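# A structural walkthrough
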Amino acid sequence: MMNEEKPGFIDFNRPVIAGKEMEYIADAVAAGKISGDGVYTRKVHAYLEQALGVPRVLLTTSCTHALEMSAILMDIQAGDEVIVPDFTFVSTINAFVLRGAQPVFIDVRPDTLNLDEAQLEDKITPRTKAIVPVHYAGVGCEMDSIMEIAQRQHVAVVEDNAHGLFGRYRQRYLGTFGVMASQSFHETKNFSSGEGGALLINDPDLVERAEIIREKGTNRSRFFRGQVDKYTWVDVGSSYLPSDILAAYLYGQLEERSRIQAHRKNLWKTYKTGLESWAFAHEVRLPFIPEHVEQAYHMFYLLLPTLELRQSLIAHLRQREIQAVFHYLPLHLSEMGQKFGGLPGDFPVTENVSDRLLRLPFHNALCEADQERVIEAILEFDF
Ligand SMILES: *Cc1c(COP(=O)(O)O)cnc(C)c1O
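Quick look at the structure, then. This one's a predicted model, so the numbers in the text were calculated from it and none came from an experiment. (Residues numbered from 1 in each chain as written. Predicted model: local features only at pLDDT ≥ 70, side-chain atom pairs only at ≥ 80, totals over all residues. Heavy atoms only, no water.)

### So, the overall build of the protein
Check the secondary structure of the protein and you find 14 helices and 12 strands. Relative to its length of 383 residues, the protein is compact, with a C-alpha radius of gyration of 21 Å against a globular reference of 21 Å. Its C-alpha atoms give the protein principal-axis dimensions of roughly 70 × 55 × 35 Å. Contacts in the protein between residues far apart in sequence, at least 24 positions, make up 69% of those at least 6 positions apart. Counting only carbon and sulfur atoms, one obtains 53% of the accessible surface of the protein, whose full area is about 16,400 Å². (Helix = DSSP H or I, 4+ residues; strand = E, 2+ residues; numbered from the N terminus. Rg over C-alpha atoms; globule rule 2.2 N^0.38 Å. Contact = heavy atoms within 4.5 Å. Areas by Shrake-Rupley, 256 points an atom, 1.4 Å probe, with all protein chains shown as cover.)

Laid out in C-alpha cells, this is it:
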C-alpha cells in the first residue's frame, strides 16, 4: 500500500532525505566500522542525551526492542501484570507478554485517545509490575496523575514514546517521566533510520545492566571503556544495537530537527485551519491538544461520525489518488487479546474510535500543493 510510486499519487507516508544522511553513511563506511556503537551511534546518543536531558540513551534496532529491553531490565516474570492502553500498537504490550506478562488493558480518554488516568487506580493489583502509557499522536498523557498514582502504588512507569519525540507535557519532554522510555525511528515516524529505536534511561542505576542486555548479555561496553580487563558473559541479553550505518542516517535526520518539526507543525496547522469548518458542519472531530501539552506533530487524524463514513471517505480519497489509512484495532479484540479474555464491549471508547479514525497523509516531504489537494478532496466529501 505504501509508496505507490505513481506520479500524482499522494502517499500517506514517504521516507525522505532531510540533510546529510548519505554523506554520513559514506563517512561511516569509509571509517571502516559499520557494526554497532561506532562514531555515529555515539553522536546520536550524545545528541539525544543533551537535547532531552536524559542520563543515558541507547540506540536499538527498533522501538519494539527497546520495550523488550525494558521488560528484561524490570525482570518481568510469568504472571506479572502490565497495564497498557487498549488503543495502541501491538509492541507496547507484546514486548512484555514475550516475558510472560499478563496484559491488563485500559480504555482511552475520548479527547486525546491517551490512556484514561481516571481508570488507572482500579487496574492496579499486587501483581502489577508496570504501567506503559503511550503518548498517542505525540500528545502527552496526563503524566501528573499517572506518576502520582504509580509512585503511591510503587509501580514503574515505562513510556512508549514512539510518537512523541520532542513533545512536552508541562514544559517537560515526553520520555523523561518514566523510569525508562522507548523511541521509534521506523520509516513512519518523525525521524527515521528505516527501522530503529532507542531506550531512554532516566534511572542511572539501570544503565550498566541495560548496556549488558543490549550487548548479548556481555560486559563488552565496559571492556571497551577500559573499565574491566576482560569481556565475558555476565547476564541474559540479546543483540539490540543497530549498525552504525543506520545511526549515520538517523544523525543526518536529527540534525534537521528544527526544520523537520517546523514543517510538520505547519502541515498540522494547515490541515486544522483548512478542515475546521467542514469538520464542524459534518460532526467530524479533529485532534484535541490540551493547553498544557506541546505536541510532537506526529500525525493528523479525523474522527468521522461512523465506520461507514470513514470507509467511504477513504474510498473517496483513493479515487482522487490520495492514500488515507486507519489504525489500531482494539488490542483486546485481536486474536491474541481474546486469548487473554478480551470481550466486545470491554473498552467502549477504543472500540468506538477505532472504527471512526482516519489518518491523513503526513510526512516530511508533503508539499503545500499536495496538502491543498488533500484538503480540497475532503471538502468535496459531502454527507
Ligand atoms: C511505531 C510504534 C511502535 C513500534 O516501533 P518499531 O520501531 O517499529 O518497533 C511501538 N509503539 C507505538 C505506539 C508505535 O507507534
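On we go from here.
### Looking at the side chain of Asn161
For Asn161, the position within the fold is in the loop between β5 (156-160) and β6 (168-169). A polar contact is formed between the side chain of Asn161 and the backbone oxygen of Leu174, at a distance of 3.2 Å. What Asn161 contacts, discounting residues up to four positions off in sequence, is His135, Leu174, Gly175, Ser182 and Gln183. (Polar contact = N/O pair within 3.5 Å; in protein donor to acceptor, adjacent residues only side chain to side chain.)

### Brief notes about the site of the ligand
If you check the shell around the ligand, you find 15 residues, and the closest are Thr64, Asp160, His163, Ser184 and Lys189. Interatomic distance of 3.3 Å between a side-chain N/O atom of Lys189 and an oxygen atom of the ligand. A distance of 3.3 Å separates an oxygen atom of the ligand from a polar atom in the side chain of Tyr328. Here the ligand, which alone exposes 380 Å², has 93% of that area covered by the protein. In this structure, the ligand is accommodated by the largest pocket. Grouping the amino acids of the shell around the ligand by side-chain chemistry returns 5 nonpolar, 8 polar and 2 charged. (Near = heavy atom within 4 Å. 1 Å grid on protein atoms, 1.4 Å probe; cavity = no way out; pocket = protein on both sides within 12 Å on 5 of 7 lines; lining within 4 Å. Sits in = over half its atoms within 2 Å of the grid points. Nonpolar A, V, L, I, M, F, W, Y, C, P; charged D, E, K, R; others polar.)

### Things to note about the side chain of Asn114
Relative to the assigned elements, Asn114 resides in the loop between β3 (102-106) and α5 (120-123). By relative accessible area, Asn114 is classed as buried at 1%. If we skip the residues at most four places from it in the chain, Asn114 touches Val108, Arg109, Val134, His135, Tyr136, Val139, Gly140 and Cys141. (Buried < 20%, exposed > 50% of the residue type's maximum accessible area, 1.4 Å probe, protein only.)

### Some thoughts on the layout of surface pockets
Here the largest pocket is characterised by a volume of approximately 770 Å³. Surrounding the largest pocket, 35 residues form its lining, Phe89, Thr188, Lys189, His327 and Tyr328 being those nearest its centre. Going through the elements one at a time, α3 (63-73), α4 (91-97) and α11 (307-319) are the ones with two or more residues in the lining of the largest pocket. Ranked by the residues each element gives to the lining of the largest pocket, the list is headed by α3, at 3 residues. Taken together, the residues of the lining of the largest pocket break down into 16 nonpolar, 14 polar and 5 charged. Looking at the lining of the largest pocket, you find at least three residues from each of domain 1 (21-254) and domain 2 (257-379). When its volume is computed, the second largest pocket comes out at roughly 340 Å³. Lining the second largest pocket are 15 residues, with Asp37, Arg42, Ser221, Phe224 and Arg225 sitting closest to its centre. Elements with a minimum of two residues in the lining of the second largest pocket: α2 (39-52), α7 (207-214) and α8 (220-224). Top element by residues in the lining of the second largest pocket is α8. It accounts for 3 residues. Of the residues that constitute the lining of the second largest pocket, the class distribution is 2 nonpolar, 4 polar and 9 charged. (Points joined across faces, edges and corners; volume = space filled by probe spheres on them. Domains from an automatic or database assignment.)

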